[in-house]
Every structure is written in structure tokens, then in C-alpha cells.
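Okay, here's what each chain looks like letter by letter:
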Amino acid sequence: SGHYTVTALVGDLSASATVHVFGAAVALRATPAAATVPANGETKVAILVEVIDASGIRVLADDETEVTVEYADDGANGAVKLPDETTVVVKDGAATLEFVATTNADVTDLLRFYVGLDEDMADARAEIGAVDQIPTAIQLEADPEELLANEIDYGTVTATVLDQAGEPMLSGAYELTF
């Protein structure tokens, strides 16, 4: 199993190609893009699920395995919401599922990925934790963006405090100076 580069030479000319060698599908592997998400109800985290052989190589020829996700423990602990479609079909031996953070901090969900009733295919698990929002930036918006000098006119400047994922903070009082 593995990835191999094959090179052909004719005089001064050469050409290369990569050959992917893999065995029979035996398991799933789940890899989250992030282990934690801010508990803001907006942030999305993707989990890549791959069909792999006994050597851990992705089975690229697999375009038909249906992978289902569920909460692995006694149900949702409240870190992330399951996607609307909990079963996906892999393409090139992989599929990506997207989960949305809840507003519950300091909790972790254990997710289980499995292939229907196929007891020969080992399932995979992934943990996603929700953490407190941390204010990291301020976004300012002026409306209108231009005011006439020496005219009676007014405008509004709105300041939005953003968390570590770039989403608005859900609560808190912040002293801002303009």
C-alpha cells in the first residue's frame, strides 16, 4: 500500500505519474478540522471521513460507501449540532461533514461514524469541544460612510465585538472609546 511515483525516460525527455496502491476497505478514519469551536451558535467545523485499508491508506476507488454519523455517547452533550443529512456517500474514498457549534461552552461531543450494518468495517470517532467565546477583534461600520462638512447631518457608527472565529460575541459588556 502507498503512493508511488513512476518515471519514464526517453533520451532527454521524462514523464512522471503517481500510482496509488491500496488494499480492501477495512475501517473509517475521522479527522476534524479543529478540536474545539467557540460556543457562538454560528461557527462551523468540518470533519473529513475517509475509507481506509489496513495500512491506513485511503481507498481512492471507493465512490459508494455510505457513512452515517451519530452521537457516540448517551446523546448530545451540546457542543455541536449534527448536520441535517447524517448519511453521506464518499467520493474518492472520502466525505466531509459539517457541524455547527451550539451556544453551550465547556462541553464535548463524541461523534461516531459508521457504515450501516457492515460489521467488517471498523467505525471511527471524533471529539469536538465547545469553548467560551473570547473577544479578539472589533468591527466598525459607518452609515453613511460620508458626511457633508458644515451641514446638519448625522451618521451612525456601529461597533461589533468579534470572537476567535470572527463571529459576534453573544453576550458581555465592552467599554469602547471613539
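See above for the structure.
First things first, this report covers the structure right here in the doc. The model shown is predicted, which means the values in this text are computed figures rather than measured ones.

Details of the overall build of the chain
Moving on, step 1. Counting its regular elements, the chain contains zero helices and 13 strands.
Moving on, step 2. Scaling as 2.2 N^0.38, a compact globule of 178 residues should have a C-alpha radius of gyration of about 16 Å, whereas the chain reaches 24 Å, well beyond that.
Moving on, step 3. By its C-alpha atoms, the chain is 75 × 60 × 25 Å across when sized along the principal axes.
Moving on, step 4. Taken over 178 residues, the chain has a buried fraction of 30%.
Moving on, step 5. At a minimum sequence separation of 6, the contacts of the chain that also span at least 24 residues come to 60%.

Observations regarding the pattern of salt bridges
Moving on, step 1. Applying the stated criterion across every chain yields a total of five salt bridges.
Moving on, step 2. Between R112 and E70 there is a salt bridge whose closest N-O contact spans 2.7 Å. Taken together, the positions of R112 in strand β10 (residues 107–114) and E70 in strand β6 (residues 66–71) put the pair 42 residues apart, joining distant regions of the chain.
Moving on, step 3. Salt bridges sharing partners connect three or more residues here, namely E70, R112, D123 and R125.

Considering the sheet that holds strand β5 (residues 44–52)
Moving on, step 1. Here we have four strands laid out as an open sheet, ordered β3-β5-β9-β7, and antiparallel in their pairing. Bordering the open sheet on either side are β3 (27–32) and β7 (80–81), each of which pairs with just one other strand.
Moving on, step 2. The pairing of β5 with strand β9 (residues 94–101) spans seven bridges and is antiparallel. By the bridge assignment, I47 is partnered in β9 with L97.

Considering a negative patch on the surface
Moving on, step 1. On the surface, E141, D143, E145 and E146 cluster together to form a negatively charged patch.
Moving on, step 2. With respect to the helices, strands and loops of the structure, E146 is situated in the loop between β12 (137–143) and β13 (156–162).

Structural notes on the pairing of strand β2 (residues 13–21)
Moving on, step 1. The sheet contact formed by strand β1 (residues 2–10) and β2 spans nine bridges and is antiparallel. Within the sheet, the bridge partner assigned to H3 lies in β2 and is H20.

Regarding unusual backbone geometry
Moving on, step 1. Residue P144 follows D143 across a cis peptide bond; omega there is 0 degrees.
Moving on, step 2. Tracing the chain through its elements places P144 in the loop between β12 and β13.
Moving on, step 3. Even without being glycine, D92 reaches a positive phi, approximately 55 degrees.
Moving on, step 4. Phi is positive for D106, which is not a glycine, with a value near 60 degrees.
Moving on, step 5. If you trace the backbone, D106 turns up in the loop between β9 and β10.
Moving on, step 6. In this structure D106 comes out as exposed when scored by relative accessible area, which is 63%.

Regarding the environment of G129
Moving on, step 1. Position of G129 among the secondary structure elements: in strand β11 (residues 124–131).
Moving on, step 2. The spatial distance from the C-alpha of G129 to the C-alpha of L162 is 20 Å, given a sequence separation of 33 residues.

Overview of a nonpolar patch on the surface
Moving on, step 1. Together, I138, L140, V157, Y174, L176 and F178 make up an exposed nonpolar region whose accessible area comes to about 610 Å².
Moving on, step 2. Note that I138 resides in strand β12.

Description of the environment of R29
Moving on, step 1. Along the chain, R29 falls in strand β3.
Moving on, step 2. With relative accessibility at 30%, the residue R29 sits in the partly exposed group.
Moving on, step 3. The sequence separation of R29 and T87 amounts to 58 residues, and the corresponding C-alpha distance is 15 Å.
Moving on, step 4. Beyond its immediate stretch of four places on either side in the chain, R29 contacts L48, V49, E50, I52, G56, R58 and A124.
Moving on, step 5. Within the structure, R29 has its side chain in polar contact with the backbone oxygen of G56 (distance 3.0 Å).

Conventions we followed
Residues numbered from 1 in each chain as written. Predicted model: local features only at pLDDT ≥ 70, side-chain atom pairs only at ≥ 80, totals over all residues. Heavy atoms only, no water. Helix = DSSP H or I, 4+ residues; strand = E, 2+ residues; numbered from the N terminus. Rg over C-alpha atoms; globule rule 2.2 N^0.38 Å. Buried < 20%, exposed > 50% of the residue type's maximum accessible area, 1.4 Å probe, protein only. Contact = heavy atoms within 4.5 Å. Salt bridge = Lys/Arg side-chain N within 4 Å of Asp/Glu carboxyl O. Pairing = 2+ DSSP bridges. Patch = residues over 30% accessible without salt bridge, like charges linked within 9 Å, V, L, I, M, F, W, Y side chains within 5 Å. Areas by Shrake-Rupley, 256 points an atom, 1.4 Å probe, with all protein chains shown as cover. Lys, Arg positive; Asp, Glu negative; His and termini not counted. Charge placed at Lys NZ, Arg CZ, Asp CG, Glu CD. Polar contact = N/O pair within 3.5 Å; in protein donor to acceptor, adjacent residues only side chain to side chain.

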